[in-house]
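Each chain, letter by letter, is given below.
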Amino acid sequence: MAEDEVLTTARGKGVELGCQPIGQGGGAALAVLAAAIGARAVVEIGTGAGVGSVWLLRGMRPDGVLTTIDVEPEHHRAARETIAEAGIASNRVRLISGEALDVLPRLTDGAYDLVFCDADKREYPGYLEQALRLLRPGGVVAFDNALWHDRVADPTQRDEDTTAVRELGRAVREDERLTSTR
């Protein structure tokens, strides 16, 4: 899947806002995942300028609804513009402002097909715990930057973000409820 002008423009907005949008390959993978499971209800943690949101919505069923969470109001404004420019109906998106770990516990258990995490790397373990509660049986949880720019495999890298992503990988591998692609 190629990135169109809407996504290219949104990518530029994201960079201006100081958030790093998901890459074209990762976005296409999200669309394929959403389509493969016939996703009707998806949670996105980290809205940014709406790049990931559009990729997800394009892969979801036409009646699907994306719930996207971000702490920055400017990100939601940019995402609304991106989603409108992509021709996606506003009733297919629920934007929630707030800290993800404060918002996620208020969402319904077992009601989601896919949870995509692309926010604070240090909170990835908490996102995983919430995703497992939110997902229906057979649902999918996906994390952006699971290899964290190849830093995860380098034991000399011990910054907080790398350590958190490394711990997430370990938790996923050790959890018998999960099948990992990592």
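Each remark here, short or long, concerns the structure printed above.
Computed from a prediction, not measured in an experiment: that's the story for all the values here.

Each value, and the rule that gives it
- Residues numbered from 1 in each chain as written.
- Predicted model: local features only at pLDDT ≥ 70, side-chain atom pairs only at ≥ 80, totals over all residues.
- Heavy atoms only, no water.
- Pairing = 2+ DSSP bridges.
- Helix = DSSP H or I, 4+ residues; strand = E, 2+ residues; numbered from the N terminus.
- Axes fitted to C-alpha atoms, helices over the stretch in contact; angles between N-to-C directions.
- Contact = heavy atoms within 4.5 Å.
- Buried < 20%, exposed > 50% of the residue type's maximum accessible area, 1.4 Å probe, protein only.
- Polar contact = N/O pair within 3.5 Å; in protein donor to acceptor, adjacent residues only side chain to side chain.

So, on to the sheet that holds strand E4 (residues 112-117). Spatially, the five strands line up as an open sheet ordered E3-E2-E1-E4-E5, and their pairing is parallel. Of all the strands in the sheet, the pair left with one neighbour each is strand E3 (93-97) and strand E5 (135-143). Direction aside, the axes of adjacent strands within the sheet are offset by 15° on average. Two elements, strand E1 (residues 41-45) and E4, share four bridges in a ladder whose sense is parallel. Looking at E4, one finds that Glu-44 is bridged to Phe-116. Across the face of the sheet, helix H4 (residues 73-85) comes into contact with strand E2 (65-70) and E3 while running at roughly 170° to E3. Against the sheet, helix H6 (residues 124-134) engages E1, E4 and E5, with an angle of about 155° to E5.

Note on placement: Thr-68 falls in strand E2. You can call Thr-68 buried: its relative accessible area is 0%. Among the polar contacts listed, one links the side chain of Thr-68 to the side chain of Glu-44, at a separation of 2.7 Å. Those residues within four positions of Thr-68 in sequence are excluded, and the remaining contacts are Glu-44, Thr-47, Ser-53, His-76, Val-93, Arg-94, Leu-95 and Ile-96.

Turning to the side chain of His-76, a few remarks are in order. Summarising the element assignment, His-76 is placed in helix H4. Apart from residues lying up to four places away in sequence, His-76 is in contact with Thr-47, Gly-48, Thr-68, Ile-69, Asp-70, Leu-95, Ile-96 and Ser-97.

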